[in-house]
Amino acid sequence: SYCKWKGVTCENIDEGDDYIDQHVIRLELPNNGLSGKLSPRIGNLTRLEVLDLSDNDIKGELPVTISNLEKLRVLLLSYNALIGTFPSELSLLEHLEIVHLHSNRIQGNLTIRNNQTPYESFYGMIQRNDSQVESYKLPDSPEDAFDKAMFIADCGSPSAFDVPVNCPNCTMCCNSQEDCNPKTAPSLLEIESSGFRDYESFAWVFALSAVGLCVFLWLGSSVVDYFKHRSDPSTFQQSRSMRILDAKYAIETIGVGSVYSFLLSSNIGGWLIALVTIGLQTFMLWPFIL
């Protein structure tokens with residue numbers, strides 16, 4: 001019976017040798033020198049709960065029939081030579097709790113349902129029965145975090161791809177240098193808890209708020225100067241001298257050859273050059289802002 005093959009675990013194994021009633025629930029062959037492509041027939045193992053083919057030389061694309069594995073809870077395919085894009089059908093697997101797809105050449109958007117809190121894992125299920133699963137604490141070290149990370153993909157920076165992998169629910173991201181770090185954000189950047197949908201909306205609100213603050217300060221300063229000069233005209237000359245000194249100091253600080261120095265002039269062409277430069281720099285830095 002195939003249930004006696006290496007790395008294969010079946011249910012009802014003790015109820016007889018009738019292979020018809022014996023469904024494969026675990027296929028675990030990590031670091032076994034396997035090569036070739038992952039057959040679409042993997043989708044026929046509809047009772048499969050654990051699929052571990054990590055650290056082999058499996059090539060080709062992930063078959064879309066993997067969505068047939070409705071009971072799959074652990075998917076470990078890291079350290080292979082898989083290519084292509086992540087099948088959108090992965091989002092149909094409602095019971096996934098551990099997914100390791102890093103160190104491959106898979107690109108695109110990885111959508112996985114996250115039904116647990118970060119780093120909550122039943123990683124021990126691979127060695128123990130479900131009835132023996134214990135609760136886990138948050139990881140105390142990077143190595144511990146790696147073992148307990150639920151979803152790992154090549155979504156780190158710097159990316160090995162022209163378009164970085166997008167994995168919103170990943171708990172750990174690996175980069176082109178094979179460094180893997182927990183995907184956490186400083187409390188200052190936990191924007192979802194502040195009511196923002198994503199970092200793009202946060203960046204827009206932050207940028208517009210900064211511009212609004214600058215305009216407010218400029219208007220406030222202009223109003224104060226207006227009433228000050230109106231009540232005491234002699235202060236106008238003093239204020240003008242101070243503005244000249246401030247402009248000179250600003251140019252020395254920014255740099256005479258800097259394009260930003262155009263913002264201190266009244267030349268419309270200079271302002272256009274400075275604004276276009278700022279726009280191009282913002283466009284190039286936008287992916288890092290997000």
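Notes on the structure follow. Predicted, not measured: the structure shown is a model, and the values here were computed from it. Residue indices follow the written sequence of each chain, beginning from 1 at its first position. The predicted nature of this model means local features are confined to residues of pLDDT at least 70 and side-chain atom pairs, given and counted, to a pLDDT of 80 or more, with totals for whole chains, interfaces and linings taken over all residues. Computation of side-chain values covers all heavy atoms of the structure but excludes hydrogens and water.

Structural notes on the pattern of salt bridges
Phase 1: Criterion for a salt bridge: a side-chain nitrogen of Lys or Arg within 4 Å of a carboxyl oxygen of Asp or Glu. Under the definition given, this model contains four salt bridges.
Phase 2: Residue E11 is joined to R47 by a salt bridge in which the shortest nitrogen-to-oxygen separation is 2.6 Å. Linking E11 in the loop between β1 (8–10) and β2 (24–28) with R47 in the loop between β3 (35–37) and β4 (50–52), this pair joins segments that are 36 residues apart in sequence.
Phase 3: Here E11 falls in the partly exposed class, since its relative accessible area comes to 23%. Elements are defined by DSSP. Helices are runs of H or I of four residues or more, strands are runs of E of two residues or more, and each kind is numbered from the N terminus. For every residue, the accessible area (1.4 Å probe, protein chains only) is compared with the maximum for its type, and the residue is labelled buried under 20%, exposed over 50%, or partly exposed between those bounds.

Here's the deal with the sheet that holds β4
Phase 1: Two strands are counted as paired when DSSP detects at least two bridges linking them. Strand order in this open sheet of eight strands is β1-β2-β4-β6-β8-β9-β10-β11, and the pairing throughout is mixed. Either end of the sheet is taken by a strand with one partner, and the two such strands are β1 and β11 (180–182). The average angle at which neighbouring strand axes cross in this sheet is 15 degrees, direction not considered.
Phase 2: The pairing of β4 with strand β6 (residues 74–76) spans three bridges and is classified as parallel. The partner of V50 across the bridge, within β6, is V74. Here an angle of 0 to 180 degrees is reported between the N-to-C directions of two axes, which are lines fitted to C-alpha atoms, with helices fitted over the stretch in contact.

Here we look at the nonpolar core
Phase 1: With 37 residues, the main nonpolar core has L51, L72, L75, L101, L110 and C170 as its most contacted residues.
Phase 2: What makes two residues a contact is simply this: any of their non-hydrogen atoms within 4.5 Å. Beyond its immediate stretch of four places on either side in the chain, L72 contacts L48, E49, V50, L51, L93, H95 and L96. For our purposes a nonpolar core is just a set of buried Ala, Val, Leu, Ile, Met, Phe, Trp, Tyr and Cys residues, chained together by side-chain atoms within 4.5 Å.

Description of the sheet that holds strand β5 (residues 57–61)
Phase 1: An order of β3-β5-β7 is seen for the three strands of this open sheet, with the pairing classed as parallel. Strand pairing shows two members of the sheet lacking a second neighbour, β3 and β7 (81–83), which therefore form its edges. Taking each pair of neighbouring strands and ignoring which way they run, the sheet shows an average axis angle of 10 degrees.
Phase 2: Pairing of β5 with β7, which is carried by three bridges, proceeds in the parallel orientation. Paired with E61 across the strands is I83, a residue of β7.

Description of the packing of aromatic side chains
Phase 1: Whether two aromatic rings pair depends on their centres lying within 6.5 Å, for rings of Phe, Tyr and Trp, where Trp uses its six-membered ring; planes under 30 degrees apart make the pair stacked, over 60 edge-to-face, and the rest tilted. Overall, the coordinates contain one aromatic pair when judged by the stated rule.
Phase 2: Each ring, one from Y2 and one from W5, has its centre 6.3 Å from the other, and the planes form 70 degrees; the classification is edge-to-face.
Phase 3: When its relative accessible area of 27% is taken as the criterion, Y2 is described as partly exposed.

Considering the environment of L45
Phase 1: By the element assignment, L45 lies in the loop between β3 and β4.
Phase 2: Its relative accessible area of 25% is what places L45 among the partly exposed residues.
Phase 3: For L45, the contacting residues outside a window of four places in its chain are V24 and L69.

So, the environment of F86
Phase 1: Of note, F86 is situated in the loop between β7 and β8 (98–100).
Phase 2: For F86 and Q107, which are 21 residues apart along the polypeptide, the C-alpha to C-alpha distance reads 6.4 Å.
Phase 3: Once you skip the residues sitting within four places of it in the chain, F86 turns out to touch L101, I106, Q107, G108, N109, L110 and V165.

Quick look at a nonpolar patch on the surface
Phase 1: Every patch collects residues that have over 30% relative accessible area and no salt bridge, joining them within 9 Å if they carry like charges and within 5 Å if they are nonpolar side chains (Val, Leu, Ile, Met, Phe, Trp, Tyr). We get accessible surface area from the Shrake-Rupley algorithm with a probe of 1.4 Å; when it comes to residues, only the shown protein chains can shield them. Residues V211, V215, W218 and L219 make up a contiguous nonpolar surface patch of roughly 410 Å² in combined accessible area.
Phase 2: Within the secondary structure layout, V215 lies in helix α2 (residues 199–231).

Such coordinate-based values are descriptive only and should not be taken to indicate function.
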